[in-house]
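# Structural overview for review
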Amino acid sequence: MIEKELRSMSGYLLFVIGLALLFGGFVYVVNDGTPVTGIIIAITGFIILIGLTVINPNEAVVTTFFGDYMGTMKQNGLRWVNPLFRRKKISLRARNLNGQKLKVNDKLGNPIEIAAVVVWRVGDTAKASFEVDDYVKYVEIQSEAAVRHLAGIYAYDSMEDEEASTQEVTLRDGSGKINEMLEAELTERLSRAGIDVLEARISHLAYAPEIAGAMLQRQQASAVVAARRQIVNGAVGMVDMALAMLSDKQIVELDEERKAAMVSNLLVVLCGEKAATPILNAGTLYP
């Protein structure tokens, strides 16, 4: 079923003619005219008025004639078509679907809560009217199915190290790509109902309450490890720079044992959580 345009007539003149015939028929009968003639005139005016339809902006009217699809009217204003046509109005305005929170399992089997917001509109009125029973309910069900499918093929977060997590798309970190994939899947699912997906994005994402505490501890531990790794990398670089500057400027000659002691002291100072307490050695490194 493909949408086709139905050309209709402007209804303003026919509205005046219909009213004139309707009231003219009653006046004809009241003035002792032939009743049959007056009734025919009034019925003719009434039939003309039945064919009138008001079409608002961003609205369409789907017409059928004894079960046959005749076309869709999209011209705004007061329009007139065959009075025997059955007419159904469909809004073409953009609509928001604020999906409810769904409890699903991600790729790793972790229970998570996820929800999405979908902006959609009717693009093909024929498909929306005749290909599905209720296109609004169809959008809701298919959107929920798409979100469940997307959550099942990606992990909430990467369980690997920092380098691996930057290469793997996850629900938490890959929001841009995840939204693009959600929009593409919804477009494919809803195209059969004549629905255009304007925007789709994840609006809520969290671990399920029963594992939220454990996952929070894991994230905190990962953050501590990443911070320590960065501190150690910086400290090693500073120690290497200090030894290189001492050697280049020939400030002091250090043997391997003294270098080891200096490296140990510097790493303790730079990597410690608290400020180091200096201890003055009045003797020597050697007995």
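Keep in mind the model is a prediction, meaning the values are calculated, not measured.

## Brief notes about the packing of aromatic side chains
- What the rule picks out here adds up to 5 aromatic pairs.
- Ring centres of Tyr156 and Tyr207 lie 4.0 Å apart, and the angle between their planes is 40°; this geometry places the pair in the tilted category. Linking Tyr156 in the loop between α4 (135–153) and α5 (162–167) with Tyr207 in strand β10 (residues 195–207), this pair joins segments that are 51 residues apart in sequence.
- Aromatic rings pair up to connect Phe65, Phe66 and Phe85 into one cluster.

## Focus on the confidence of the model for the chain
- Per-residue confidence for the chain averages 82 on the pLDDT scale, and 79% of its residues sit at or above 70.
- Ranking the helices and strands of the chain by mean pLDDT puts strand β3 (residues 59–65) first, with 95, and α5 last, with 50.
- In the predicted structure, residues 161–165 sits below a pLDDT of 50 and forms 3 contacts with residues beyond four places in sequence or in another chain.

## Some points on the sheet that holds strand β6 (residues 86–91)
- Spatially, β4-β3-β6 is the arrangement adopted by the 3 strands of the open sheet, whose pairing is antiparallel. Here the strands that pair on one side only, and so sit at the sheet edges, are β4 (68–73) and β6. Direction aside, the axes of adjacent strands within the sheet are offset by 25° on average.
- Across 6 bridges, the pairing between β3 and β6 is antiparallel. Each bridged residue has a counterpart across the sheet, and for Val61 the counterpart in β6 is Lys89.

## Overview of the environment of Asn96
- Its place among the elements puts Asn96 in strand β7 (residues 95–98).
- Through-space distance from the C-alpha of Asn96 to that of Val117 is 7.0 Å; in sequence the pair is 21 residues apart.
- The residues touching Asn96, leaving out its near neighbours within four places in the chain, are Val118 and Val119.

## What to know about a nonpolar patch on the surface
- Taken together, Tyr28, Val29, Ile39, Ile43, Phe46, Ile47 and Ile50 make up a surface patch of nonpolar side chains, about 590 Å² in accessible area.
- Looking at the nonpolar patch, the elements with two or more residues in it are α1 (12–30) and α2 (35–50).
- You can see Phe46 is positioned in helix α2.

## Side note on the environment of Ala208
- Inspection of the secondary structure assignment puts Ala208 in the loop between β10 and α7 (209–248).
- Setting aside chain neighbours within four positions, we find Ala208 in contact with Lys103, Pro111, Ile112 and Glu113.

Definitions and limits used
Throughout, a residue's number is its position along its own chain's written sequence, starting from 1. Reporting in this predicted model follows two pLDDT cut-offs: at least 70 for local features of residues, and 80 or more for side-chain atom pairs to be given and counted; totals over whole chains, interfaces and linings ignore these cut-offs and use all residues. Based on all heavy atoms of the structure, the side-chain values leave hydrogens and waters out of the count. Centre distance within 6.5 Å is the pairing criterion for rings of Phe, Tyr and Trp, where only the six-membered ring of Trp is used; planes under 30 degrees apart are then read as stacked, over 60 as edge-to-face, and the remainder as tilted. In DSSP terms, a helix is any run of H or I states spanning at least four residues, a strand is any run of E spanning at least two, and both are numbered starting from the N terminus. In predicted models, pLDDT denotes the confidence assigned by the predictor to each residue on a 0 to 100 scale. Here, two residues are considered to be in contact whenever any of their heavy atoms come within 4.5 Å of each other. Here a strand pair is declared whenever DSSP counts at least two bridges between the two strands. Throughout, an axis means a line fitted to C-alpha atoms (over the contacting stretch in the case of helices), and angles, computed between N-to-C directions, take values from 0 to 180 degrees. Here a patch means residues that are over 30% exposed by relative accessible area and free of salt bridges, tied together within 9 Å if like-charged and within 5 Å if nonpolar (Val, Leu, Ile, Met, Phe, Trp, Tyr). Here the open area of atoms and residues is found with the Shrake-Rupley method and a 1.4 Å probe, where only the protein chains shown may cover a residue. Any carboxyl oxygen of Asp or Glu within 4 Å of a side-chain nitrogen of Lys or Arg constitutes a salt bridge here.

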